[in-house]
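Here's the letter readout for the chains.
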Amino acid sequence: MKFNPETKRLTFTHDEVIFVDAEHKTLPFRDAPACKVKTISGWRQFEAVMKAGCGLMNFTEPEKASYYDPIKVVFVDSFTRMTFWLSKFLKENQIKGYDFWRDYADILERLLMTWESKGRFIVFTALDEVVRDQDSIDRLTVKVEGKKLEGKIESFFTVTLFTHFNPTKNVPEAYQFCTNTDGRNTAKSPDGMFPDRYIQNDLAFVLGSIYSYYDMANNPDFLPSPIIICGKSGTGKSSSAKYLFMEDLPSNNVVTTAQPANSTTQPN
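The residue count restarts for each chain, going from 1 along the sequence in the order it is written. In keeping with the model being predicted, local features are shown solely for residues with a pLDDT of at least 70 and side-chain atom pairs are shown and tallied solely at 80 or more, while totals for entire chains, interfaces and linings include all residues. With hydrogens and water excluded, all non-hydrogen atoms of the structure serve as input to the side-chain values.

*Asks:* Can you tell me about the layout of surface pockets, naming the residues and giving the values?
*Replies:* Considering only enclosed or pocket space, the largest pocket measures out at about 240 Å³ in volume. We place a 1 Å grid over just the protein atoms. Points where a 1.4 Å probe fits but has no way out form a cavity, open points with protein on both sides within 12 Å along at least 5 of 7 lines form a pocket, and any residue with an atom within 4 Å of a point lines it. Along its surface, the largest pocket is lined by Val131, Asp133, Gln134, Asp135, Arg139, Thr141, Glu150, Gly151, Lys152 and Thr186. Grid points are joined across faces, edges and corners, and a volume is the space filled by probe spheres set on the points.

Encoded structure:
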């Protein structure tokens, strides 16, 4: 792990990042073959991989220890598909009707309230959906099944980012994160953590900003809260992780000028 105080970017080696693949799809960037990827096909498997990736298991086997011990970032793609595996697990156990929705919400709430990691960053991606709030205003929120948690998933996160495509800028700068609500979504982050409402979808800059904001270099026992990146498919959620392995990028994350776009293609 390497922090650049000038660009506020936190970058990693491939051994330090694990991708929890609940989507069964290839990572959308060139470094994919070098990355640690665990593809999960069930809820119990998801729980086990998360426990290992977050550093909550003691391994006696040298191979497993050498695989999991260096990890600094757990990237879950995605929260949306994770809830699918939970739903499938409950149905397979013959949980139906009211009991299904009660158990579904209770398990998610319990997990979101008790996520632990030994100082490791946890990043979720998620699809969005439009929810009408108590003021009868339609806003983009994190998609989740059931009414109990609808529009409330963000309350479990300190940092919630929403993807945004700016057609007035060139790719890749056109792919952005909204760091605080624009009135149409539920994005949020601590005051002063990011330089502007819209930044490039550079996950190294996001994690570096968190690292700098909480002075984690001088607070080794500080435990960063999980973050969630929300948006439609193809808007730069998964591809934001490619920046975790790029050390020499300039500090151009703030959205300040408008330039005509000359391309509109980037992996999702």
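Next comes the rest of the write-up.
*Asks:* Account for the pairing of strand E10 (residues 175–178), naming residues and giving values.
*Replies:* The buried label goes to any residue with under 20% of its type's maximum accessible area, the exposed label to any with over 50%, and the partly exposed label to all in between, with areas taken from a 1.4 Å probe on protein chains only. In this text, helices come from DSSP runs of H or I with a minimum length of four residues, and strands from runs of E with a minimum of two, each type numbered from the N-terminal end. Here E10 shows two buried faces, one formed by Tyr175 and Phe177 and the other by Gln176 and Cys178. Two strands pair if DSSP finds at least two bridges between them. Pairing between strand E9 (residues 159–165) and E10: four bridges, direction antiparallel. Within the sheet, the bridge partner assigned to His164 lies in E10 and is Gln176.

*Asks:* Which residues make up empty space enclosed by the protein, and what values do they have?
*Replies:* A full pass over the atoms with the stated rule returns one cavity of 30 Å³ or more. There is about 40 Å³ of room inside the largest cavity. Every residue lining the largest cavity is listed: Phe19, Val20, Asp21, Lys25, Leu27, Val37 and Asp77. Here the element with the most residues in the lining of the largest cavity is strand E3 (residues 17–21); it accounts for three residues. Basically, the charged four are Asp, Glu, Lys and Arg, the nonpolar ten are Ala, Val, Leu, Ile, Met, Phe, Trp, Tyr, Cys and Pro, and anything else, Gly included, counts as polar. In terms of residue class, the lining of the largest cavity is built from four nonpolar, no polar and three charged.

*Asks:* Describe the packing of helix H1 (residues 43–53) against helix H3 (residues 79–92), with residues and values.
*Replies:* The interhelical angle for the contact between H1 and H3, taken along N-to-C directions, is 130°, at an axis separation of 8 Å. Taken as axis vectors, H1 and H3 run oblique relative to one another. Residue-level contacts link Trp43, Arg44 and Phe46 of H1 to Met82, Trp85, Leu86 and Phe89 of H3. Residue composition of the contact of H1 with H3, grouped by class: six nonpolar, no polar and one charged. In this analysis an axis means a line fitted to C-alpha atoms, helices contributing only their contacting stretch, and an angle means the value between N-to-C directions, from 0 to 180 degrees. By definition in this entry, angles of less than 35 degrees are roughly parallel, angles greater than 145 are roughly antiparallel, angles of 65 to 115 are roughly perpendicular, and the rest are oblique. Only heavy atoms enter the contact rule, under which two residues are in contact if any of them lie within 4.5 Å.

*Asks:* Hey, could you go over the environment of Gly192 for me, with residue numbers and the actual values?
*Replies:* The topology assignment puts Gly192 in the loop between E10 and strand E11 (198–200). Sequence separation between Gly192 and Tyr213 is 21 residues, and the spatial gap between their C-alpha atoms is 8.2 Å.

*Asks:* Account for helix H5 (residues 203–213), naming residues and giving values.
*Replies:* Taken across its 11 residues, H5 has nine buried, putting it largely inside the fold. Residues of H5 that are buried include every one of Leu203, Ala204, Phe205, Val206, Leu207, Gly208, Ser209, Ile210 and Tyr211, and no others. Throughout this description, a polar contact denotes any pair of N or O atoms lying within 3.5 Å of each other; where both atoms belong to protein, one of them has to be capable of donating a hydrogen while the other can accept it, and for residues adjacent in sequence the pair is counted only when both atoms sit in side chains. Near the N-terminus of H5, the side chain that reaches the backbone nitrogen of Ala204, with its oxygen 3.0 Å away, is that of Asp202. Looking one or two residues past H5, Asp215 carries a phi angle of roughly 50°, positive in sign.

*Asks:* Residues and numbers for H3, please.
*Replies:* Here H3 spans 20 Å end to end across 14 residues, near enough to the 20 Å set by a 1.5 Å rise per residue. Those residues of H3 that sit buried are Phe79, Thr80, Met82, Thr83, Trp85, Leu86, Ser87, Phe89 and Leu90. Immediately beyond the C-terminal end of H3, within one or two residues, lies Gln94, with a positive phi of roughly 60°. The span expected for a helix works out to 1.5 Å for each residue beyond the first.

*Asks:* Before we move on, could you go through the sheet that holds strand E5 (residues 73–77) and cite the residues and values that matter?
*Replies:* Reading across from one edge, E4-E3-E5-E6-E12-E9-E10-E11 is the order of the eight strands in this open sheet, with mixed pairing throughout. Only two strands of the sheet have a single neighbouring strand rather than two, namely strand E4 (36–39) and E11. Each adjacent strand pair in this sheet contributes to an overall mean axis angle of 25°, direction not counted. The sheet contact formed by E9 and strand E12 (residues 227–230) spans four bridges and is parallel. Its bridge partner lying in E12, Thr160 is registered against Ile228. Across the sheet, H1 is in contact with E3, E4, E5 and strand E6 (121–126); its angle to E5 comes to roughly 160°. Across the sheet, H5 lies against E5, E6, E9, E10, E11 and E12, angled at about 150° from E12, the strand it touches most.

*Asks:* Describe the side chain of Glu154, and please don't skip the residues or the numbers.
*Replies:* Within the secondary structure, Glu154 is located in the loop between strand E8 (138–142) and E9. Positive charges come from Lys and Arg alone, negative charges from Asp and Glu alone, with His and the N- and C-terminal ends not counted. Should a side-chain nitrogen of Lys or Arg be within 4 Å of a carboxyl oxygen of Asp or Glu, the pair is scored as a salt bridge. No salt bridge is formed by the buried Glu154; its nearest oppositely charged neighbour, Lys188, is found at 7.5 Å. In terms of polar contacts, Glu154 uses its side chain to reach the side chain of Thr186, at 2.4 Å. Apart from the residues within four sequence positions on either side, Glu154 is in contact with Thr141, Val142, Thr160, Phe162, Thr186 and Lys188.

*Asks:* A description of unusual backbone geometry should follow, citing residues and the corresponding values.
*Replies:* Note the cis peptide between Asp77 and Ser78, where omega equals 15°. By secondary structure assignment, the location of Ser78 is in the loop between E5 and H3. A cis geometry characterises the amide bond from Val171 onward to Pro172, with omega recorded as 15°. Relative to the elements of secondary structure, Pro172 occurs in the loop between E9 and E10. At Lys8, a residue that is not glycine, the phi angle is positive and equals roughly 55°.

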